[in-house]
Amino acid sequence: MKIDVTSFDGQAAGSIELSDDIFGLEPRADLIHRKIRWQLAKRRAGTHAVKNRADIARTGKKMYKQKGTGGARHGSARVPQFRGGGRAFGPQVRSHAHDLPKKVRQLALKHALSAKAKDGGIIVWEKAELAEPKTKILAGGFAKSGLSSAIIIVGGELQNNFALAARNIPQIDVLPVEGVNVYDIIRREKLVLTRAAVDALEARLK
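Since this is a predicted model, take the numbers as computed values, not measurements.

Caption draft 1: Representation of the confidence of the model for the protein chain in the model. Overall, the prediction assigns the protein chain a mean pLDDT of 92, with 100% of residues at 70 or greater. Mean pLDDT values over the elements of the protein chain span from 85, in strand β2 (residues 12–17), up to 96, in helix α2 (residues 29–42).

Caption draft 2: Structural detail: the sheet that holds β2. Pairing in this open sheet of six strands is mixed, and the strands run β2-β1-β3-β6-β4-β5 from one edge to the other. Here the strands that pair on one side only, and so sit at the sheet edges, are β2 and β5 (172–176). Taking the axes of each pair of neighbouring strands and ignoring which way they run, one obtains an average angle of 30 degrees across the sheet. The pairing of strand β1 (residues 2–6) with strand β3 (residues 122–125) spans two bridges and is classified as parallel. Of the residues in β3, the one forming a bridge with Val-5 is Val-124. This element, helix α7 (residues 195–205), spans β1, β2, β3, β4 (150–154) and β6 (190–194) of the sheet and lies at about 90 degrees to β6.

Caption draft 3: Summary view of the pairing of β4. Most of β4 is tucked away: five of the five residues are buried. Taking every second residue as pointing to the same face, both faces of β4 are buried, with Ala-150, Ile-152 and Val-154 on one and Ile-151 and Ile-153 on the other. One ladder, built from five bridges, connects β4 with β5; its direction is parallel. When the sheet's bridge partners are listed, Ile-151 is paired in β5 with Asp-173. With helix α5 (residues 160–166) bridging β4 and its parallel neighbour β5, the resulting β-α-β unit is right-handed. As paired elements, β4 and β6 share four bridges and run parallel to each other. Residue Ile-152 lies in a different strand from β6, and its bridge partner there is Val-192.

About the thresholds
- Residues numbered from 1 in each chain as written.
- Predicted model: local features only at pLDDT ≥ 70, side-chain atom pairs only at ≥ 80, totals over all residues.
- Heavy atoms only, no water.
- pLDDT = per-residue confidence, 0-100.
- Helix = DSSP H or I, 4+ residues; strand = E, 2+ residues; numbered from the N terminus.
- Pairing = 2+ DSSP bridges.
- Axes fitted to C-alpha atoms, helices over the stretch in contact; angles between N-to-C directions.
- Contact = heavy atoms within 4.5 Å.
- Buried < 20%, exposed > 50% of the residue type's maximum accessible area, 1.4 Å probe, protein only.
- Right-handed = clockwise from strand over helix to strand, strands pointing away.

And the structure:
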């Protein structure tokens, strides 16, 4: 698959051949869904917790005698029926992470890249660099090329000037190639790869 290479403001800078084994697959929604579900579950803190009846600081003495009151039979005041008592079956601290085989995760990334390529959502830049960290310059370039929602994947070390300029623009994410992931690819309209990022991805996924 051949695709044009441009600069961040839309000027032509040649072309590049993308591997069909990575960018030319027929996208499978089930694999992409499994990977996104794995990602979102893995990043949940799981720190939610409630107090059950054992955690309540209240006497466990029987409230009143068993018989002769005309009321229901009750024991401890810490039970969930009473205001201030413990909660029954509430959430406890736990991990939400679940297993997903490494080969499935890798395949899901290929299918996410292929889905973007099929929809015409991949843009290749020669490089992602700026002479000075000015958001106005970058936003102007994005306006020329019609880029409003994108994840930008940079091969090699992320240039500080570019990262600083991009972080103030809404719906624009900048990541090194090591941080590429299915969730971020799918949630943005465009996937922007530098030439170095394409080479790094093909070396990693082949």
